[in-house]
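The residues making up each chain are set out below.
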Amino acid sequence: MKITIHRGANQIGGCITEIQSAAGDKILIDFGHNLPKGDQKAEDKFENRDTLIQVLQGVSDVYYTHYHGDHIAFEYEIYKADVRQHIGGMALKMLRTLKQHLWKADGLKDAAAKSLEALAHFETYKAARTETIGDISITPYFVSHSAVDAYMFLIECDGVTILHTGDFRDHGYLGGGLMKNLKCNIVPKNVDVLISEGTMLARKDEEVMTEWELLDIAEDIMDEYKNVFVLCSSTDADRIATMYQATRRCSHNFRWLVTDTYQGKQIQNIRNSPIRFYSSIVYRDFGFDHDKVLSDMLKDGFTMLVRDSASFEKYLEEIVPQIDLNQTALIYSQFSGYIDPGHPAFNQSTYNFVRKYPWHLEYLHTSGHAPQQTLREVCEFVNPSMAIIPIHREAQSDLSVLGLSPKLQERIVTKSTELTKDGHWNDTPVTIEIKD
Ligand SMILES: [Zn+2]
């Protein structure tokens, strides 16, 4: 069998991993776009249809770990190439809501309509249910990430067992499931090859607080400020749950969590979860019954989720003149690089949005990715017998910073190679091809 890392071995985002059986069955895990650089959409070689079709040659199925754009982005072209696509059920609903929202935006209508056409043909998988594609079997296991309904995949092919982690962390509300899943479902299968995300390998000093710790701080801010705007991802269920719970717990607890219509629709998707933290979220839509919502906001204070968009500029121009900015905070709850002029990911528009008014500005965020300590624990616990392949990592980062045990250190694979599984039934080598 053969594992090909088409992209992602030396960059964060744009991940594409291929698994091919000896008999020629072929699946892909994720097919994402390069991450944007600041406010500029990144170039991507797979926007060239011929290049994309080359990678899809012989591929029957693409399995997506989650809905972030650096993991799923070419769904229309892949659908047109007659390749089946699979994602979690709630993830599919959230993607549809996003595309329906983009469909209304100037210049994005065509792309959004194509995407919706492709999504209508997606198949959904369920946690812990194995699907079989020829000689390849794939079982999704739930992981905690800044996207809800995200999965790692256990793949078995030609007697070789592979764990592809997708993006994951253990410091979100559902992070406790990580080691449990590894212990009960994955380690007993004797993993041979671990393909692990390594986003945090180059971010040793980044503080990683738990979502629980973040909730306590959000509550403190809401105790202090009557009016709180929150700039966070509209699809990060943990963060929205945090802001909702902090709103309920703070001393101004008569106030509401207020959203726009798009954020409200995403919360409705999140609320369909059996997990109480998500299903209990209650909100009011500023775009609906607007006069009543505004008068309650001015009376009781509020927590309002905001986005860097023209519609929110209008909302703010209406609300801000009517409130006391000394009693108002903006919680910036995203990656700090977007508002750091020295960072390659700097986004001028987000920076301008955050600085638009002299409100109190608070940075409050924690990563969607596992810190180095967790990566180390996962590698040691999974203890793959053949190889560890780091993906979704910065080019200059190095898995050896984890200080793994010598036997695992030797198994780190960053270049194309052939390995033979000890005692393998036919000693056929496993080919690992690493591109880019
Ligand atoms: Zn992600």
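Before going into details, it helps to say that this report is about the structure given with it. Nothing here was measured: the structure is a model prediction, and the numbers come from that model.

What counts and how
Residues numbered from 1 in each chain as written. Predicted model: local features only at pLDDT ≥ 70, side-chain atom pairs only at ≥ 80, totals over all residues. Heavy atoms only, no water. Helix = DSSP H or I, 4+ residues; strand = E, 2+ residues; numbered from the N terminus. Expected span 1.5 Å × (residues − 1). Buried < 20%, exposed > 50% of the residue type's maximum accessible area, 1.4 Å probe, protein only. Contact = heavy atoms within 4.5 Å. Axes fitted to C-alpha atoms, helices over the stretch in contact; angles between N-to-C directions. Parallel < 35°, antiparallel > 145°, perpendicular 65-115°, else oblique. Left-handed = near helix turned anticlockwise from the far one by under 90°. Nonpolar A, V, L, I, M, F, W, Y, C, P; charged D, E, K, R; others polar. Donors = N, O, S within 2.8 Å, 3.2 Å for Na, K, Ca; no water. Tetrahedral: all angles 85-135°; square planar, octahedral: opposite > 155°, others 65-115°. Pairing = 2+ DSSP bridges. 1 Å grid on protein atoms, 1.4 Å probe; cavity = no way out; pocket = protein on both sides within 12 Å on 5 of 7 lines; lining within 4 Å. Points joined across faces, edges and corners; volume = space filled by probe spheres on them.

Concerning helix H3 (residues 89–103)
Over its 15 residues, H3 extends 21 Å from the first C-alpha to the last, a length consistent with the 21 Å expected when each residue adds 1.5 Å. Within H3 the residues assigned to the buried category are Met90, Ala91, Leu92, Met94, Leu95, Thr97 and Lys99. The inward-facing, buried residues of H3 abut helix H2 (75–80), strand S5 (84–88), helix H4 (109–119), strand S6 (123–125) and helix H8 (261–271).

Some thoughts on the packing of H3 against H4
Where H3 meets H4, the closest approach of the two axes is 8 Å, and the angle between their N-to-C directions is 155°. By the angle between their axes, H3 is roughly antiparallel relative to H4. Classified by chirality, the crossing of H4 by H3 is left-handed. For the pair H3 and H4, contact is made by Leu92, Leu95, Arg96, Lys99, Gln100, Leu102 and Trp103 and by Lys109, Ala112, Ala113, Ser115, Leu116 and Leu119, respectively. Per-class residue counts for the contact of H3 with H4 are 8 nonpolar, 2 polar and 3 charged.

Description of the coordination of the zinc ion
The protein atoms that coordinate the zinc ion are His66 (NE2), His68 (ND1), His145 (NE2) and Asp167 (OD), at distances of 2.2 to 2.5 Å. Between the 4 donor atoms coordinating the zinc ion, the angles at the centre fall across 90 to 171°, so the site counts as irregular. All donors to the zinc ion come from one chain, and their sequence spacing reads H-x1-H-x76-H-x21-D. On the criterion of sequence distance, the pair formed by His145 in the loop between strand S8 (136–143) and strand S9 (150–157) and Asp167 in the loop between strand S10 (160–164) and helix H5 (177–186) is long-range, its members being 22 residues apart. The class for His145 is buried, based on a relative accessible area of 4%. Using a relative accessible area of 3% as the deciding quantity, one classes Asp167 as buried.

Concerning the pairing of S10
Most of S10 is tucked away: 5 of the 5 residues are buried. Burial along S10 is two-sided: the residues Val160, Ile162 and His164 and Thr161 and Leu163 are all buried. In terms of strand pairing, S9 meets S10 through 5 bridges, oriented antiparallel. Bridging from a neighbouring strand, Cys157 pairs with Val160 of S10. Linking two consecutive strands that pair antiparallel, namely S9 and S10, is a turn of 2 residues; a positive phi of about 50° is found at Asp158 within it. Here S10 runs beside strand S11 (residues 193–197); their pairing, made up of 3 bridges, is parallel. Among the inter-strand pairings, His164 is bridged to a residue of S11, identified as Ile195.

With respect to empty space enclosed by the protein
Inspection of every chain in the model, using the stated rule, returns 1 cavity of 30 Å³ or more. Of the volumes computed, that of the largest cavity is approximately 50 Å³. Lining the largest cavity, in full, are Phe142, Val143, Ser144, His145, Ala147, Val148, Asp149, Leu174, Asp238 and Tyr278. The residue makeup of the lining of the largest cavity, split by class, is 6 nonpolar, 2 polar and 2 charged.

Quick notes on the sheet that holds S10
Whether parallel or antiparallel, the strands of a sheet pair through hydrogen bonds between backbone atoms. Strand order in this open sheet of 6 strands is S7-S8-S9-S10-S11-S18, and the pairing throughout is mixed. Each end of this open sheet is capped by a strand with a single partner; those strands are strand S7 (131–133) and strand S18 (387–391). Shown here is a sheet whose adjacent strand axes are inclined to one another by a mean of 20°, direction ignored. One ladder, built from 5 bridges, connects S11 with S18; its direction is parallel. Bridge pairing links Ile195 to Ile389 in S18. The sheet strands contacting H5 are S8, S9 and S10, and the helix crosses S9 at an angle near 20°. With respect to the sheet, helix H13 (residues 372–382) is in contact with S10, S11 and S18, its orientation differing from that of S11 by roughly 170°.

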